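Okay, here's what each chain looks like letter by letter:
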Amino acid sequence: MFKNLIRFYFFFALIAMLTGTTFARNKLPRFETARMKSTAGTGVASILMDEATYLNPATIAYYKNSSFLFQKSGLETTTTNATSNPTEEFNSMSIIASDAKGLAGGSLSYNTIEYKGESSKRFSSAFGRPIGKKSSFGINLTYTKEKTFDENNQIVEQDYKQTSFGVAHAINQEFTLGLVLEDPFQERPEDTRAIAGFQYVFKGFVSLMFDLGADYNQNLSDTVKWSAASQLKVFEDFFLRFGTFNDKGRQEKGSGAGVGWLQPKLVLELAVKNTERLESLVLNQTGEDIKETSFSLSYRF
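Described below are features of the structure shown in this document.

Scoring rules and cut-offs
- Residues numbered from 1 in each chain as written.
- Predicted model: local features only at pLDDT ≥ 70, side-chain atom pairs only at ≥ 80, totals over all residues.
- Heavy atoms only, no water.
- Helix = DSSP H or I, 4+ residues; strand = E, 2+ residues; numbered from the N terminus.
- Phe/Tyr/Trp six-rings, centres within 6.5 Å; stacked < 30°, edge-to-face > 60°.
- Buried < 20%, exposed > 50% of the residue type's maximum accessible area, 1.4 Å probe, protein only.
- 1 Å grid on protein atoms, 1.4 Å probe; cavity = no way out; pocket = protein on both sides within 12 Å on 5 of 7 lines; lining within 4 Å.
- Points joined across faces, edges and corners; volume = space filled by probe spheres on them.
- Nonpolar A, V, L, I, M, F, W, Y, C, P; charged D, E, K, R; others polar.
- Lys, Arg positive; Asp, Glu negative; His and termini not counted.
- Salt bridge = Lys/Arg side-chain N within 4 Å of Asp/Glu carboxyl O.
- Contact = heavy atoms within 4.5 Å.
- Pairing = 2+ DSSP bridges.

1. Observations regarding unusual backbone geometry
Then, number 1: Non-glycine residue Lys116 carries a positive phi angle of around 50°.
Then, number 2: You can see Lys116 is positioned in the loop between strand E3 (105–115) and strand E4 (118–130).
Then, number 3: Of note, Asp183 is a non-glycine position whose phi angle comes to about 45°, a positive value.
Then, number 4: Among the structural elements, Asp183 can be located in the loop between strand E7 (175–182) and strand E8 (193–202).

2. Examining the packing of aromatic side chains
Then, number 1: Considering all chains together, one arrives at 10 aromatic pairs under this definition.
Then, number 2: When the ring of Phe137 is compared with that of Phe165, the centres are 6.2 Å apart and the planes differ by 25°; the resulting orientation is stacked. Residue Phe137 is found in strand E5 (residues 135–149), and its partner Phe165 is found in strand E6 (residues 155–170); the two are separated by 28 residues along the sequence.
Then, number 3: Here Phe165 falls in the partly exposed class, since its relative accessible area comes to 21%.
Then, number 4: A ring pair is formed by Phe175 and Phe198, whose centres lie 5.8 Å apart and whose planes are at 25°; its orientation type is stacked. Highlighted residues: Phe175 in strand E7 and Phe198 in strand E8, separated in sequence by 23 residues.
Then, number 5: Its relative accessible area of 31% is what places Phe198 among the partly exposed residues.
Then, number 6: Among the aromatic side chains, those forming a connected cluster through ring pairs are Phe175, Phe198, Tyr200 and Phe210.

3. Notes on empty space enclosed by the protein
Then, number 1: Inspection of the entire model under this criterion finds 2 cavities of 30 Å³ or more.
Then, number 2: Of the voids in this model, the largest cavity is the one considered here, and its volume is about 60 Å³.
Then, number 3: Only strand E1 (66–79) and strand E2 (87–99) provide two or more residues apiece to the lining of the largest cavity.
Then, number 4: Per-element tally for the lining of the largest cavity: the top contributor is E1, with 3 residues.
Then, number 5: Each residue belonging to the lining of the largest cavity can be placed in one class, and the counts come to 4 nonpolar, 4 polar and 4 charged.
Then, number 6: Its boundaries defined by the atoms lining it, the second largest cavity holds a volume of some 30 Å³.
Then, number 7: When residues in the lining of the second largest cavity are grouped by element, the largest group, 3 residues, is from E4.
Then, number 8: Residue composition of the lining of the second largest cavity, by class: 6 nonpolar, 3 polar and 2 charged.

4. What to know about the side chain of Asp183
Then, number 1: It turns out Asp183 is buried and unbridged, and the closest side chain with the opposite charge, Arg188, is 6.7 Å from it.
Then, number 2: Excluding residues within four positions of it along the chain, Asp183 makes contact with Gln162, Thr163, Ser164, Arg188, Asp191 and Thr192.

5. Points about the pairing of strand E9 (residues 206–214)
Then, number 1: Here E8 pairs with E9 via 9 bridges, running antiparallel. Each residue of the ladder has a partner; that of Gly197, found in E9, is Asp211.
Then, number 2: Connecting E8 to the antiparallel partner E9 that follows it, the hairpin turn spans 3 residues, and Lys203 within it adopts a positive phi of roughly 55°.
Then, number 3: One ladder, built from 8 bridges, connects E9 with strand E10 (residues 225–234); its direction is antiparallel.

Set out below in structure tokens:
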């Protein structure tokens, strides 16, 4: 009887190990610009141009110029529950072209990322236009092609389309509000959420940002996400940024930091973001530490 009990536990442990190895697959990291990484993803109320296809498409309506951005990012991931804690390196690239010289602003972006044998290509277009003297409305259309592992550890290709909506309102030059609905049509239900935020600029020197969101189709307390960031203006053209976030729905938390150099036609951004992914049986996710470094160059004309 004792030998049979040992065999049972050995068989159970073997099945559990094989199941974890076969089925536990972390999702591809989300696309972000260097500026977004420096603020830990905060900024749905920030008036930004290049980030319109990621944060809030309505904000591009506040600009009257054009922009072209190129970004290169590196990722280092370490599995926290592995015996040897191996570190792996991956790459990501982004191109964003924006034009806001007409009645409505528009932006096109292309992104690629490689991660643990999987890959993703994202094509996105954002449009924004004023709906009043101080408000704007925007829409973002995204087409994504992915190569990911299935439950049998085989690579499968899939593509999907998503739509997001955004609203921005500038109470005055110092205080702005923003609201974004991500994938409200639930093309991928795990991506659906609403995010509201504000930004306050104190005497043009310090900017404070805060975002709060959740999946409104589920228990809000189970999917709540918050992020906060600050920006300090150094001299006339340098900006230091710091941010932190906690995403309960995706079981992720972390921080970011970066520096930006702003010229009339040239913008340079350098950022570092650290993300801790928590192990979750519900999300079929293993524990992981992700370190991202990004450099972007934007030319405005």
